[in-house]
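A look at the structure
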2 protein chains.
Amino acid sequence: MAEHGKSTTTDAVYDLLCRAIIEQSLKPGMRLPEDMVGEQFGVSRTIVRHALVRLETEGLVVSKRNRGAFVAEPTLEEARQIFEVRRCLETEVTRLLVERMPRSGFDALEAHVRREHGTKGKDGPVSIRLAGEFHILMAELSGNAVLAKYVTQVVRRCSLIMAMFANSHSADCAVDEHSQIIAAIRAKDTDRAVRLMEHHLGAVADRANFDGTPDTVESILARYGRELAQ
Amino acid sequence: MAEHGKSTTTDAVYDLLCRAIIEQSLKPGMRLPEDMVGEQFGVSRTIVRHALVRLETEGLVVSKRNRGAFVAEPTLEEARQIFEVRRCLETEVTRLLVERMPRSGFDALEAHVRREHGTKGKDGPVSIRLAGEFHILMAELSGNAVLAKYVTQVVRRCSLIMAMFANSHSADCAVDEHSQIIAAIRAKDTDRAVRLMEHHLGAVADRANFDGTPDTVESILARYGRELAQ
DNA sequence: GGATACTAGATCGTATCCAATTTGCGCCAG
DNA sequence: CTGGCGCAAATTGGATACGATCTAGTATCC
């Protein structure tokens, strides 16, 4: 977040942890002891704490007083709230893009969709991350940096949620929906684009089996099992 | 942000700095040397840096590499973007409140409006803060904590912007608009409530003389003057 | 007068220390 | 064998000192 200056050490640690969490290398609920993290990355505890503070303000980790930091475990209620905000923000992004898509915007979006197709059927975490980055790219093209930052945060938390709740046949089918959204924006059809985006996000949320299915016993036990296995 | 634990020292420093910035005791562009801040509050630089990291991620301060932290000076373009996001988020809050305003919600809102009336014509910074807290209260009543957090951040940055750009007859006239919004929500008139909210935010933005007037020479000089006077 | 080199000041990052609190274990009583 | 009590270990929260690094402003030289 340092304005123009090169990436500071804190930023590097933050980025690494961020990616590790989103790709589910660090699983939800897992502890992040400052000593261990600092030792692994070869930095002091101070830096790790700074990175953890940032991750906490963005909702990817939660820290319990005098107990340390943990990878966030969003509850279903939190997940619902996050998706609500995400729908709100991304429909705005869609509206803005219909109005003012920058010149090379469509090229960038279609290039990304091609990359998504490349990982079709491959391992889940990476395709979840790529799917999220499509939405982040859209937000950045909107020209509103503040909006893009919030979309980035929300999409990342959604990636974490998807990693927790998603069924095996995860987010692949969404790639076609991405293409449709691009087409609607290109056609300057605001209503259709927003409707597609809402449907897309609704589908993503459904795929994470929200409404209806509350926590099953095995999912809870699986989570506790992971924590134990740590 | 610590979940249930008591407020840690970092939180206290963060809150103090936050209020000081919003009430414009710390003026935009002012330097925040870690030594000085820590000395004034009686805490070590470690704590101050944590608080500054949080304030930076929320956009209230910017830190330049090896130069330290400064109170943010939003440009007009940033201000425009922030207001765009704010309108998006707060119309969503309004829609949600029409659907699901909690029981004691109207009492809380009207009590706040009365407090705003109490400071009518008094000093600007405090009434700017109160006006902002009305919107934050609305967001909290929406029942979506994530949405409320983002609204809080955006409103705070708007308070900073208002403090920078607002003319002398600042935000007092907005109190009546607050009452009208409450009435529309109570009547479950979504369209009217959203329209009022958009008009209200538009009026707030106008009051900060956005569109049309770019930076005047005197405002720029005033800012540099403040920085020099530091 | 303008460009370069140098010094002063601050931050960034590290290492180390102490205090507070939580956890987990053992011990003991019933 | 079960339940509660208390103590010790581990970890975070926080403070301080020190070196490295970068910026800014000054001084110098052409």
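Here, the structure is the one placed above.
The structure reproduced in this document is the subject of the present report. Computed from a prediction, not measured in an experiment: that's the story for all the values here. Every residue gets a number counted from 1 within its own chain, in the order that chain's sequence is written. Chains carry letters from A onward and ligands carry numbers from 1 onward, assigned in written order. In keeping with the model being predicted, local features are shown solely for residues with a pLDDT of at least 70 and side-chain atom pairs are shown and tallied solely at 80 or more, while totals for entire chains, interfaces and linings include all residues. Side-chain numbers here rest on the full set of heavy atoms in the structure, without hydrogens or water.

Observations regarding the side chain of serine 142 of chain A
All names here are of chain A. A helix here means a DSSP run of H or I that spans at least four residues, while a strand means a run of E at least two residues long, and both kinds are numbered starting from the N terminus. In this structure, serine 142 sits in the loop between helix H6 (124-141) and helix H7 (145-165). In this scheme, a residue with accessible area under 20% of its type's maximum is buried, one over 50% is exposed, and one in between is partly exposed, where area comes from a 1.4 Å probe on protein chains only. For serine 142, a relative accessible area of 1% corresponds to the buried category. Whether two residues are in contact is decided by their heavy atoms: any pair within 4.5 Å suffices. Filtering out sequence-adjacent residues up to four positions away, serine 142 remains in contact with Val93, Leu96, Leu97, Arg100 and Leu147.

Quick word on the interface of chain A and chain B
The interface is formed by 37 residues belonging to chain A together with 37 residues belonging to chain B. A quick way to say it: buried area is the sum, across both parts, of accessible area lost when two parts are put together, with a 1.4 Å probe. With both chains or domains summed, chain A and chain B bury close to 3,400 Å², and 56% of this area falls on carbon and sulfur atoms. Basic side-chain nitrogens of Lys or Arg form a salt bridge, by our definition, when they fall within 4 Å of a carboxyl oxygen of Asp or Glu. Along the contact surface separating chain A from chain B lie four salt bridges. One salt bridge in this structure joins glutamate 92 of chain B and arginine 87 of chain A, with 3.1 Å as the shortest N-O distance. Of all the elements in the fold, those that place two or more residues in the side of chain A that touches chain B are helix H3 (45-57), helix H4 (76-100) and H7 of chain A.

Some details on the relation of the copies chain A and chain B
The transform that puts chain A on chain B rotates by 180° and translates by 0.0 Å along the axis, for an RMSD of 0.1 Å. Both copies of the chain, as the preceding transformation shows, are related through a two-fold rotation axis. Interface residue correspondence from chain A to chain B reaches 97%, placing this contact among same-surface, isologous pairings. To line up the copies, we fit them by least squares on C-alpha atoms, keeping just the residues with pLDDT of at least 70 in both.

Topic: the pattern of salt bridges
It is possible for side chains of opposite charge to pair when their charged atoms get near one another. Under the defined criterion, the tally for this structure stands at 27 salt bridges over all chains. Linking arginine 129 of chain A and glutamate 133 of chain A is a salt bridge whose minimum nitrogen-to-oxygen distance equals 3.0 Å. Of this pair, arginine 129 of chain A and glutamate 133 of chain A both sit in helix H6, four residues apart, which is roughly one turn of the helix. Measuring nitrogen to oxygen at the nearest pair gives 3.5 Å for the salt bridge that ties arginine 87 of chain B to glutamate 198 of chain B. On the criterion of sequence distance, the pair formed by arginine 87 of chain B in helix H4 (residues 76-100) and glutamate 198 of chain B in helix H9 (residues 190-207) is long-range, its members being 111 residues apart. The exposure class assigned to glutamate 198 of chain B is partly exposed, which follows from its relative accessible area of 33%. Sharing partners across several salt bridges, the network here consists of Glu77, Arg80 and Glu84 of chain A together with Arg100 of chain B.

Structural notes on the protein's contact with DNA strand D
DNA strand D sits among 18 residues. The nearest are Thr8, Thr9, Ser44, Ile47 and Asn66 of chain B. Proximity criterion: a residue is near a molecule or strand once any of its heavy atoms comes within 4 Å of it. Counted by atom, the contact set of DNA strand D within 4 Å of the protein is 77% sugar and phosphate. Contact distances for DNA strand D include 3.1 Å between a phosphate oxygen and a backbone N or O atom of glutamate 34 of chain A. For DNA strand D, a phosphate oxygen lies 2.6 Å from a polar atom in the side chain of serine 44 of chain B. When contributions to the surface near DNA strand D are tallied by element, the ones reaching two or more residues are H3 of chain A together with helix H1 (9-22) and helix H3 (45-57) of chain B. Each residue belonging to the surface near DNA strand D can be placed in one class, and the counts come to three nonpolar, eight polar and seven charged. For this analysis, a polar contact is any N or O atom pair within 3.5 Å, provided that within protein one partner can donate a hydrogen and the other can accept it, and provided that sequence-adjacent residues contribute only side-chain to side-chain pairs. Amino acids are sorted into nonpolar (Ala, Val, Leu, Ile, Met, Phe, Trp, Tyr, Cys and Pro), charged (Asp, Glu, Lys and Arg) and polar (every other residue, Gly among them).

Some points on unusual backbone geometry
All names here are of chain B. In the Ramachandran plot, asparagine 66 falls in the positive-phi region, its phi being about 55° despite a non-glycine side chain. You can see asparagine 66 is positioned in the loop between strand E2 (61-64) and strand E3 (68-71). Although it is not a glycine, lysine 188 sits at a positive phi angle of roughly 55°. For lysine 188, the position within the fold is in the loop between helix H8 (174-186) and H9.

Some remarks on the side chain of glutamate 84 of chain A
Mapping glutamate 84 of chain A onto the fold places it in helix H4. Other than its neighbours up to four places away in sequence, glutamate 84 of chain A contacts Glu92, Leu96, Arg100 and Asn144 of chain B.

Remarks on the packing of H1 of chain B against helix H7 (residues 145-165) of chain B
Residues and elements named next belong to chain B. Angles run from 0 to 180 degrees between N-to-C directions of axes, and those axes are lines fitted to C-alpha atoms, restricted for helices to the stretch in contact. The geometry of H1 relative to H7 is characterised by a closest axis approach of 9 Å and an angle of 40° between their N-to-C directions. Between H1 and H7, the angle falls in the class oblique. Contacts between H1 and H7 involve Tyr14, Cys18, Ile21 and Ile22 from the first element and Arg156, Ser159 and Leu160 from the second. Considered class by class, the residues forming the contact of H1 with H7 number five nonpolar, one polar and one charged. Orientation is classified from the angle alone, with under 35 degrees giving roughly parallel, over 145 giving roughly antiparallel, 65 to 115 giving roughly perpendicular, and any other angle giving oblique.

Quick look at the protein's contact with DNA strand C
Close contacts around DNA strand C come from 19 residues, with Thr8, Thr9, Ile47 and Asn66 of chain A together with Glu34 of chain B the closest. Within 4 Å of the protein, the atoms of DNA strand C are drawn from sugar and phosphate moieties in a proportion of 85%. Here a phosphate oxygen of DNA strand C sits 2.9 Å away from a polar atom, N or O, in the main chain of threonine 9 of chain A. At 3.3 Å from a sugar or linking oxygen of DNA strand C is found a side-chain nitrogen or oxygen belonging to arginine 31 of chain B. Broken down by secondary-structure element, the contributors of at least two residues to the surface near DNA strand C are helix H1 (9-22) and H3 of chain A together with helix H2 (34-41) and H3 of chain B. The residue inventory of the surface near DNA strand C, partitioned by class, reads three nonpolar, eight polar and eight charged.

Describing the sheet that holds strand E1 (residues 31-32) of chain B
All names here are of chain B. The pairing criterion for strands is at least two bridges between them, as found by DSSP. An order of E1-E3-E2 is seen for the three strands of this open sheet, with the pairing classed as antiparallel. Both outer strands of the open sheet, E1 and E2, are each paired with one neighbouring strand and no more. Of the strand pairs in this sheet, E1 and E3 are connected by two bridges, and their pairing is antiparallel. Counted as the bridge partner of leucine 32 is alanine 69 from E3. Seen against the sheet, H3 touches E1, E2 and E3 and runs at an angle of roughly 110° to E2.

Re the pairing of E2 of chain B
All names here are of chain B. Taken together, the four bridges between E2 and E3 define a ladder with antiparallel strand orientation. When the bridges of E3 are listed, serine 63 appears paired with alanine 69. Counting the residues that bridge the hairpin from E2 to E3 gives three residues, and of these asparagine 66 lies at a positive phi of roughly 55°.

A look at helix H5 (residues 105-118) of chain A
All names here are of chain A. An expected span of 1.5 Å times one less than the residue number is assigned to each helix. For H5, which comprises 14 residues, the first-to-last C-alpha distance of 20 Å matches the rise-based estimate of 20 Å (1.5 Å per residue) to within 8%. Of all the positions in H5, only Gly105, Phe106, Leu109, His112, Val113 and Glu116 are classed as buried. Taken down its axis, H5 places every buried residue within 130° of arc, on the same side. Residues of H5 that are exposed and angled more than 90 degrees away from the buried face: Asp107, Arg114, Arg115 and Gly118. The arc in question is formed by the directions pointing from the helix axis toward the C-beta atoms.

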